[in-house]
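# A look at the structure
Read off the chains here:
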Number of protein chains: 4
Amino acid sequence: MSYGGNMNFSDHQIGIYAQGMFTDRTPKITTDLANLEDQAAATLSPEALGYIVASAGSGSTARANRAAFEQWRIAPRMLRGSAERDHSCTVLGTTMPAPLLIAPVGIQTLAHPEGELATVRAAAALGVPYIHSTQASHSFEQVAEAGGDAPRWYQLYWPTDQSVLLSFLQRAKNTGFTTLVLTLDTTLLGWRPADLNRGYLPFLANLGIENYLTDPAFLAGLDESVEANPVAAAMHWAQMFPNPGLSWSQLAFLRENWDGPIVLKGICTVGDARLAAEHGVDGIVVSNHGGRQIDGARASLDALPEIVDAVGDQLTVLFDSGVRTGADMAKALALGADAVLLGRPFLYGLALDGQAGVDHVLRCILAEFDLVTSLSGHTGAAELSRESVIRS
Amino acid sequence: MSYGGNMNFSDHQIGIYAQGMFTDRTPKITTDLANLEDQAAATLSPEALGYIVASAGSGSTARANRAAFEQWRIAPRMLRGSAERDHSCTVLGTTMPAPLLIAPVGIQTLAHPEGELATVRAAAALGVPYIHSTQASHSFEQVAEAGGDAPRWYQLYWPTDQSVLLSFLQRAKNTGFTTLVLTLDTTLLGWRPADLNRGYLPFLANLGIENYLTDPAFLAGLDESVEANPVAAAMHWAQMFPNPGLSWSQLAFLRENWDGPIVLKGICTVGDARLAAEHGVDGIVVSNHGGRQIDGARASLDALPEIVDAVGDQLTVLFDSGVRTGADMAKALALGADAVLLGRPFLYGLALDGQAGVDHVLRCILAEFDLVTSLSGHTGAAELSRESVIRS
Amino acid sequence: MSYGGNMNFSDHQIGIYAQGMFTDRTPKITTDLANLEDQAAATLSPEALGYIVASAGSGSTARANRAAFEQWRIAPRMLRGSAERDHSCTVLGTTMPAPLLIAPVGIQTLAHPEGELATVRAAAALGVPYIHSTQASHSFEQVAEAGGDAPRWYQLYWPTDQSVLLSFLQRAKNTGFTTLVLTLDTTLLGWRPADLNRGYLPFLANLGIENYLTDPAFLAGLDESVEANPVAAAMHWAQMFPNPGLSWSQLAFLRENWDGPIVLKGICTVGDARLAAEHGVDGIVVSNHGGRQIDGARASLDALPEIVDAVGDQLTVLFDSGVRTGADMAKALALGADAVLLGRPFLYGLALDGQAGVDHVLRCILAEFDLVTSLSGHTGAAELSRESVIRS
Amino acid sequence: MSYGGNMNFSDHQIGIYAQGMFTDRTPKITTDLANLEDQAAATLSPEALGYIVASAGSGSTARANRAAFEQWRIAPRMLRGSAERDHSCTVLGTTMPAPLLIAPVGIQTLAHPEGELATVRAAAALGVPYIHSTQASHSFEQVAEAGGDAPRWYQLYWPTDQSVLLSFLQRAKNTGFTTLVLTLDTTLLGWRPADLNRGYLPFLANLGIENYLTDPAFLAGLDESVEANPVAAAMHWAQMFPNPGLSWSQLAFLRENWDGPIVLKGICTVGDARLAAEHGVDGIVVSNHGGRQIDGARASLDALPEIVDAVGDQLTVLFDSGVRTGADMAKALALGADAVLLGRPFLYGLALDGQAGVDHVLRCILAEFDLVTSLSGHTGAAELSRESVIRS
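Below or above, wherever it landed, is the structure these notes cover. Here the structure is a predicted model, which is why all the values come from computation and not from measurement.

Here the focus is the environment of Leu-36 of chain B. All names here are of chain B. With respect to the helices and strands, Leu-36 occurs in helix H2 (residues 36-41). For the pair Leu-36 and Arg-324, spaced 288 residues apart in sequence, the C-alpha separation works out to 8.8 Å. Dropping the residues within four chain positions of it, Leu-36 is found in contact with Ile-29, Thr-30, Pro-345, Tyr-348, Leu-352 and Val-361.

The next thing to look at is the layout of surface pockets. Residues and elements named next belong to chain A. Put simply, the largest pocket is a space of about 750 Å³. Taken together, 42 residues form the lining of the largest pocket, with Ile-52, Gly-290, Arg-292, Arg-324 and Arg-344 sitting closest to its centre. Of all the secondary-structure elements, those providing two or more residues to the lining of the largest pocket are helix H2 (36-41), helix H3 (46-53), helix H4 (60-71), strand S11 (339-342) and helix H17 (344-375). In the lining of the largest pocket, the residues fall into 19 nonpolar, 14 polar and 9 charged.

Here we come to the interface of chain B and chain C. Each partner contributes residues to the interface: chain B has 41 residues there, and chain C has 46 residues. Of the roughly 3500 Å² buried at the junction of chain B and chain C (both faces included), carbon and sulfur atoms supply 65%. At the junction of chain B with chain C, the criterion picks out 1 salt bridge. Note that Asp-272 of chain C and Arg-77 of chain B form a salt bridge whose closest N and O atoms lie 2.8 Å from each other. If you look at where chain B meets chain C, you find 18 residue pairs in polar contact (both at pLDDT 80 or more). Secondary structure elements with two or more residues in the side of chain B that touches chain C: helix H1 (11-23), strand S1 (72-74), helix H16 (326-334) and helix H17 (344-375) of chain B. Classifying every residue of the side of chain B that touches chain C by side-chain character gives 22 nonpolar, 11 polar and 8 charged.

Moving on: the nonpolar core. In this structure, Ile-284 of chain A, Ile-284 of chain B, Ile-284 of chain C together with Ile-284 of chain D are the most contacted members of the largest nonpolar core, which totals 516 residues. Excluding residues within four positions of it along the chain, Ile-284 of chain C makes contact with Val-263, Leu-264, Ile-267, Ala-273, Ala-276, Ile-307, Val-311, Leu-315, Thr-316, Val-317 and Leu-318 of chain C.

With that settled, the discussion passes to the relation of the copies chain A and chain B. Each copy of the sequence occupies a distinct position, and chain A is placed on chain B by a rotation of 90° and an axial shift of 0.0 Å, giving an RMSD of 0.0 Å. Both chain copies can therefore be described as sitting about a four-fold axis. Residue Ser-392 of chain A of chain A places its C-alpha closer to the rotation axis than any other residue of that unit, at 9.8 Å.

Residue and element names in this part refer to chain B. Take Ala-273: it is sitting in helix H14 (residues 270-278). According to the relative accessible area criterion, Ala-273 is buried, its value standing at 0%. Those residues in contact with Ala-273, other than ones at most four positions away along the chain, are Ile-267, Ile-284, Ile-307, Val-311 and Leu-315.

Between chain A and chain B, the residue contacts involve 42 residues of the former and 45 residues of the latter. Here chain A packs against chain B, burying approximately 3400 Å² in sum over the two surfaces, 65% of which is carbon and sulfur. The largest share of the area that chain A buries against chain B comes from Tyr-17, Met-78 and Leu-79 of chain A, three residues that together contribute 23% of it. Linking chain A with chain B are 1 salt bridge. For the pair chain A and chain B, the interface holds 18 residue pairs in polar contact (both at pLDDT 80 or more). Looking at side-chain class alone, the side of chain A that touches chain B contains 22 nonpolar, 12 polar and 8 charged residues.

To continue, consider the packing of H14 of chain B against helix H15 (residues 300-311) of chain B. Residues and elements named next belong to chain B. Between H14 and H15, the shortest axis-to-axis distance is 9 Å and the interhelical angle comes to 35°. With respect to the hand of their crossing, H14 and H15 are arranged in right-handed fashion. Counting all contacts with H14, which are made through Val-270, Ala-273, Arg-274 and Ala-277, the residues of H15 involved are Glu-306, Ile-307, Ala-310 and Val-311. Here the contact of H14 with H15 is composed, by residue class, of 6 nonpolar, no polar and 2 charged.

Enumeration according to the criterion identifies 52 salt bridges over all chains in this entry. Note that Glu-141 of chain A and Arg-171 of chain A form a salt bridge whose closest N and O atoms lie 2.8 Å from each other. Linking Glu-141 of chain A in helix H6 (residues 140-147) with Arg-171 of chain A in helix H7 (residues 162-174), this pair joins segments that are 30 residues apart in sequence. A relative accessible area of 34% means that Glu-141 of chain A is categorised as partly exposed. Among the salt bridges present, the one from Asp-302 of chain C reaches Arg-391 of chain C, with a minimum N-O distance of 3.9 Å. Residue Asp-302 of chain C is found in helix H15 (residues 300-311), and its partner Arg-391 of chain C is found in strand S12 (residues 389-391); the two are separated by 89 residues along the sequence.

Let us look at helix H1 (residues 11-23) of chain D. All names here are of chain D. An ideal rise of 1.5 Å per residue puts 18 Å on 13 residues; H1 measures up with 17 Å between its terminal C-alpha atoms. For H1, the full list of buried residues reads His-12, Gln-13, Ile-16, Tyr-17, Gly-20 and Met-21. Asp-24 occupies a position one or two residues after H1 and carries a positive phi of about 60°.

Residue and element names in this part refer to chain B. By the element assignment, Glu-116 lies in helix H5 (residues 115-126). Buried and unpaired, Glu-116 has Arg-121 as its nearest opposite-charge partner, separated by 10 Å. Contact partners of Glu-116, with chain neighbours within four places excluded, come to Val-105, Gly-106, Ile-107, Gln-108, Thr-109, Tyr-130, Ala-136, Ser-137, His-138 and Val-143.

This brings us to the arrangement of the chains. There is a clear gap between chain A and chain C: no contact, and 20 Å between their nearest C-alpha atoms. Considering only C-alpha positions, the minimal separation of the non-contacting chain B and chain D is 20 Å.

So, on to the side chain of Asn-288 of chain C. All names here are of chain C. Residue position: Asn-288 is located in the loop between strand S9 (283-286) and H15. A polar contact of 3.0 Å, which involves the side chain of Asn-288, links it to the backbone oxygen of Arg-298. Once residues lying within four places of it in the same chain are set aside, the contact partners of Asn-288 are Thr-61, Asn-65, Asp-185, Cys-268, Gln-293, Arg-298, Ala-299, Ser-300, Asp-320 and Ser-321.

What follows is about the packing of aromatic side chains. Residues and elements named next belong to chain A. Summed over all chains, the structure comprises 56 aromatic pairs over all chains. Judged by centre distance (6.0 Å) and plane angle (75°), the rings of Phe-69 and Phe-319 are edge-to-face. Pair noted here: Phe-69 is in helix H4 and Phe-319 is in strand S10 (residues 316-319), with a separation of 250 residues, a long-range link. Here Phe-69 falls in the buried class, since its relative accessible area comes to 0%. A relative accessible area of 0% places Phe-319 in the buried class. Judged by centre distance (4.8 Å) and plane angle (65°), the rings of Phe-140 and Tyr-154 are edge-to-face.

The rules behind each value
Residues numbered from 1 in each chain as written. Chains lettered and ligands numbered in written order. Predicted model: local features only at pLDDT ≥ 70, side-chain atom pairs only at ≥ 80, totals over all residues. Heavy atoms only, no water. Helix = DSSP H or I, 4+ residues; strand = E, 2+ residues; numbered from the N terminus. Contact = heavy atoms within 4.5 Å. 1 Å grid on protein atoms, 1.4 Å probe; cavity = no way out; pocket = protein on both sides within 12 Å on 5 of 7 lines; lining within 4 Å. Points joined across faces, edges and corners; volume = space filled by probe spheres on them. Nonpolar A, V, L, I, M, F, W, Y, C, P; charged D, E, K, R; others polar. Buried area = accessible area lost by both parts, 1.4 Å probe. Salt bridge = Lys/Arg side-chain N within 4 Å of Asp/Glu carboxyl O. Polar contact = N/O pair within 3.5 Å; in protein donor to acceptor, adjacent residues only side chain to side chain. Core = buried A, V, L, I, M, F, W, Y, C linked by side-chain atoms within 4.5 Å. Buried < 20%, exposed > 50% of the residue type's maximum accessible area, 1.4 Å probe, protein only. Least-squares fit on C-alpha atoms with pLDDT ≥ 70 in both. Axes fitted to C-alpha atoms, helices over the stretch in contact; angles between N-to-C directions. Left-handed = near helix turned anticlockwise from the far one by under 90°. Expected span 1.5 Å × (residues − 1). Lys, Arg positive; Asp, Glu negative; His and termini not counted. Phe/Tyr/Trp six-rings, centres within 6.5 Å; stacked < 30°, edge-to-face > 60°.

Given below as structure tokens:
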């Protein structure tokens with residue numbers, strides 16, 4: 001099955017049925033995307049489980065994200081002739097088979113030893129763009145080699161050390177990352193009880209943040225080698241990561257030092273969306289970081305339609321936080337997102353079966369998305385609109 | 001107890017009480033219609049349980065169907081003198097003792113070895129119309145023989161092979177099926193994790209779809225007999241079942257090749273209801289296929305009142321998806337449905353006790369319907385109106 | 001502690017504390033009125049549990065009754081000086097220490113061998129009016145003797161045999177029942193799965209409906225004595241109990257044959273409340289029979305305020321269905337009820353400890369009512385008004 | 001880490017991470033503030049659990065308090081440059097590091113042998129004002145000695161014995177309590193089934209209410225010493241505690257006998273807030289006593305915004321009831337509270353680890369508050385406003 005320009009992802013569904021019937025092979029990972037977490041939870045170490053699955057504070061934001069998806073309902077249209085479907089799109093110059101990208105997630109070796117390499121390989125094979133986290137446990141260069149020619153973006157946590165910032169931008173450019181995604185909502189780490197109760201912060205604990213450990217500017221700030229004094233290296237990182245002073249005025253500096261499109265991730269209000277447009281960025285990600293930063297925050301999906309109304313004609317509007325299924329993806333697109341970032345679900349696939357697991361999850365969500373959009377009367381993602389959904 | 005034109009279904013209730021008291025015989029199957037599923041679940045094989053009970057994706061649509069019934073509440077009127085009650089009605093030329101039909105369900109042998117034959121016998125005995133699924137595990141001819149003179153409709157999945165389509169229509173006419181119900185919402189099979197996790201698709205697995213296996217046009221498309229090459233037969237079926245290209249313009253062909261009334265099943269929006277009226281069909285079924293096709297879709301009951309307002313004076317409007325009890329049936333009729341199709345509950349009865357189980361479930365739902373409508377001040381189903389319910 | 005005209009029921013609370021502290025005696029029955037059911041459930045036989053606790057159909061109406069109470073919230077006022085409180089009132093000529101009556105419940109021997117006799121004794125000791133059910137397991141005469149001079153009303157199920165009707169009315173008058181409560185919502189018995197699944201109907205099973213068995217008109221209709229042919233007696237009863245033909249026009253006959261006030265029980269709509277006023281009755285009970293008759297009906301409390309607005313100036317408006325606590329009682333009164341009928345909770349007390357159990361439950365609900373009304377700024381039940389509550 | 005005027009409470013978070021990583025020491029008490037109760041429940045005696053955790057009646061008010069927090073959602077703003085943050089404020093002349101005070105809670109020895117002494121020491125060390133309950137198990141003098149120079153307020157239950165009232169006010173002044181908080185909502189004790197079912201009232205049972213037992217005016221009312229006749233002492237207390245006759249006119253007497261600010265605790269309506277302003281008090285606490293007094297009352301948070309709109313320009317408006325996390329604290333402040341009182345959570349800390357436990361809970365809530373406010377775009381508590389939140 002090829003996922004080219006004009007394809008029916010839902011062939012994957014038929015493949016699963018046929019495989020089970022004729023070879024007695026059933027999928028190793030559940031196809032019930034909403035419950036993937038349960039299966040992954042049995043595999044992950046307590047530390048990984050706490051870091052990946054848990055959210056900020058009482059988990060209220062994460063629950064709100066899911067509840068918001070339940071409130072928007074698909075209103076399917078019949079007999080619209082969707083035999084030929086094409087979900088492909090071009091977002092900020094990047095073409096993809098459907099409006100879906102791999103969200104930036106740090107320290108993926110926590111889920112599986114191959115970490116980001118497995119993820120980028122699975123994504124590349126399907127043409128799904130991969131967004132590389134600053135906190136990744138594999139470096140720009142390693143990921144670029146593993147990912148080959150497939151589209152890759154780079155997510156930036158703005159370090160307070162300007163030499164490291166410039167070095168990161170340069171390395172990302174050198175290794176073929178085309179779009180820059182600046183995360184706004186994590187200038188401090190949120191209050192995460194699952195980690196705190198273990199006194200566990202993966203970045204410090206493992207120091208597996210390879211982008212830094214392979215960075216000349218970062219290493220230049222150390223008195224000793226990382227091997228000789230890992231604690232000093234961890235402390236050095238811990239001093240440059242938090243950046244609560246970050247402000248709109250600094251965006252000009254980023255523009256000067258990055259040639260490609262710039263996207264701001266973590267916008268939750270119309271006010272900030274308008275400021276983003278005024279500051280000349282190319283896109284935004286409506287996101288509350290999957291509920292991992294502020295407890296009690298509004299659902300990301302609740303913010304989406306009003307933000308699209310306000311700036312959708314000026315900015316590319318991406319979305320994440322709470323997407324678990326192909327139907328969720330269809331709802332976010334119907335509410336005006338240009339594309340959707342997928343986070344935890346692919347990590348669960350990674351944890352369960354490495355590259356094959358990520359491949360499984362991506363194929364499942366794309367297949368369900370294809371089925372849902374077709375069955376609701378669309379010949380492609382681009383036809384999804386406000387009329388495709390109704391608020392209950 | 002006879003269920004003739006003027007009858008009190010609720011005699012069934014007194015019968016149960018009396019039987020228990022004077023003979024110590026209590027009903028084999030629960031009378032708690034909302035929990036029938038729990039009892040059936042203990043009986044069904046895992047495969048049957050997965051196929052029959054589970055829904056599309058996360059089950060969100062199936063839950064929404066139930067939640068919608070909870071929001072509409074009966075507002076009972078007193079002292080209206082309903083000693084004599086008559087719930088009988090004539091829908092598209094078919095007379096029935098109450099506005100209830102057996103919904104089309106495929107592969108009923110999955111629930112019980114006698115499958116559709118048990119169902120049609122139970123329905124016929126009560127005068128409840130039976131709708132025969134294209135995917136049935138018994139053929140038109142077998143069902144016609146078992147059902148005798150009782151009213152029968154035929155549900156069509158439009159095969160992409162026109163010779164098979166025409167053969168189906170002809171056989172249905174020949175065997176006394178009076179009304180044609182074209183299902184619109186299953187041009188592709190929905191994403192159903194319970195089946196996918198088993199790699200299980202009953203149509204292919206058992207190939208027990210007797211309408212095809214007894215069809216000259218279908219068999220003409222095979223190079224070998226089904227016995228000699230069952231896999232080839234299954235693949236042949238699998239190629240003609242999906243029909244996502246189906247469109248409004250094809251309805252004219254159906255009208256040309258069917259003499260009786262035509263009903264479109266799977267309408268969820270006012271827009272499609274209006275198109276149905278414009279295309280000259282006789283009726284529609286407001287339905288989301290019991291939540292089995294699109295995850296996250298709107299509740300079928302939420303769509304009903306606005307559709308009735310829009311086309312109720314032009315089309316017969318039937319309803320299904322989420323009906324479990326006689327009170328549910330009353331609510332759907334109060335919101336404007338001309339009749340209601342009952343799906344899963346009769347299947348649970350079938351699974352638990354074959355023909356007697358279907359009989360039990362039908363008598364229970366009709367008895368409760370009779371009690372609820374009488375106790376709320378109506379002398380028959382026809383008196384149910386918007387004033388009978390209130391939204392909470 | 002005396003419950004006279006001017007009293008503080010909440011002394012009961014202090015009594016419980018003091019008893020526990022100084023004598024190590026703690027209450028035998030829980031004081032957690034909302035969970036009384038759980039404690040009673042462990043005591044009741046399966047048949048009694050099914051009959052008393054369970055509701056019609058899926059239990060949706062019973063749940064709606066409780067949910068409606070949760071939506072109305074008390075808005076307490078401070079510093080209003082409520083040291084002296086008086087909750088007493090006179091309803092249809094009957095004076096009571098607080099606007100609370102014992103709801104009519106049949107076959108109370110199912111809960112406790114002493115049945116209605118224990119209930120009426122407990123009620124009489126506190127001055128709480130007792131309403132005698134037509135289906136009681138003790139007769140008018142037995143209850144009158146046990147209840148002494150305390151206020152008693154009579155609840156009528158209108159039998160289709162007029163001689164029995166007239167005999168009932170005459171006996172009720174002779175034995176000091178002052179007000180007649182005609183139940184409208186049970187002209188047929190609702191669909192009650194807990195009973196049906198056992199083939200169990202207490203009226204028939206035990207035939208313990210003493211009002212009939214001691215009635216000359218009823219006995220005159222039998223060919224043999226009850227002892228000689230209990231089945232025939234049961235069948236005779238079963239023929240005269242259902243009365244779905246009952247209509248507004250028959251109320252005139254009742255007025256002719258009853259001297260005291262007449263109350264219609266089971267009103268759930270403004271329309272019927274207006275009809276009640278037009279037909280000249282003295283009062284109504286807004287009630288859905290505790291959710292035991294129609295599944296999926298609107299909450300009784302949801303109907304109350306609009307009915308009070310429509311007829312509150314013409315009719316005495318009583319309320320039942322869903323009251324479990326003193327706070328519930330306060331809410332119903334604030335929404336305009338002149339008094340509240342208490343059903344299941346007193347039965348749970350009866351089941352757990354006979355007369356002492358009913359006494360316990362009544363004292364607890366009155367004590368909590370007194371505390372809630374005082375703490376929210378009222379010097380008596382009469383001060384409760386719409387301003388005492390707010391809808392959330 | 002110092003909590004001076006300009007500080008980042010969230011350093012505490014980094015401290016926990018670092019401690020876990022470098023010393024393998026993880027926090028003894030959970031950092032999951034919403035679930036602190038579960039951990040404490042395993043430690044508390046049944047009596048303490050019943051008294052501290054349980055609420056009035058069915059617990060409906062306590063649940064409503066929590067649900068109200070879920071409905072208000074933080075709408076975070078990005079890139080506002082919050083590197084330097086200052087949450088300090090001055091409320092009624094008392095300066096504090098953040099708008100948080102220790103709510104008055106009686107009988108704290110029920111949670112831990114050191115009771116109020118441990119609490120006041122932990123609060124004093126952080127500069128968090130401590131409010132001393134009239135029902136405390138340590139006296140004014142003991143608490144003053146333990147608390148040193150740190151800010152302290154005094155909460156008054158107005159005893160019906162005026163000599164005791166005056167003595168309390170005098171002792172509070174003498175020992176450095178600056179602001180008087182008069183509790184309005186507990187003129188009678190609410191209906192608390194958890195205590196009633198045990199016949200347990202801690203004030204009477206232990207008589208550990210040291211403010212009384214060390215009070216000359218109280219002791220003067222006894223015929224014998226407390227040791228000689230503890231029951232008589234308890235009864236004497238029980239006669240002067242309930243004060244349902246308390247009324248607005250008595251406030252003048254309080255003003256005459258107290259020099260500092262006066263705050264009324266337990267306001268839940270705009271009407272009472274306006275009366276408070278008219279009667280010339282300095283502040284109010286919008287509160288329903290944590291749901292411990294009236295079952296079925298409105299959520300305290302639901303009352304807050306309308307009260308702030310009505311009197312926020314005339315009175316200091318404090319808030320309690322339902323606050324569990326730093327995000328909750330941020331929401332209440334955003335809705336207009338000048339400061340928040342923390343109740344049960346500090347008691348859980350006290351129960352789990354004495355002074356260190358209170359310290360842990362305070363640091364956690366302050367750290368989370370700092371993170372949430374910073375991450376949502378504020379440089380201090382004072383910047384929180386209605387625009388910081390949105391109702392879902």
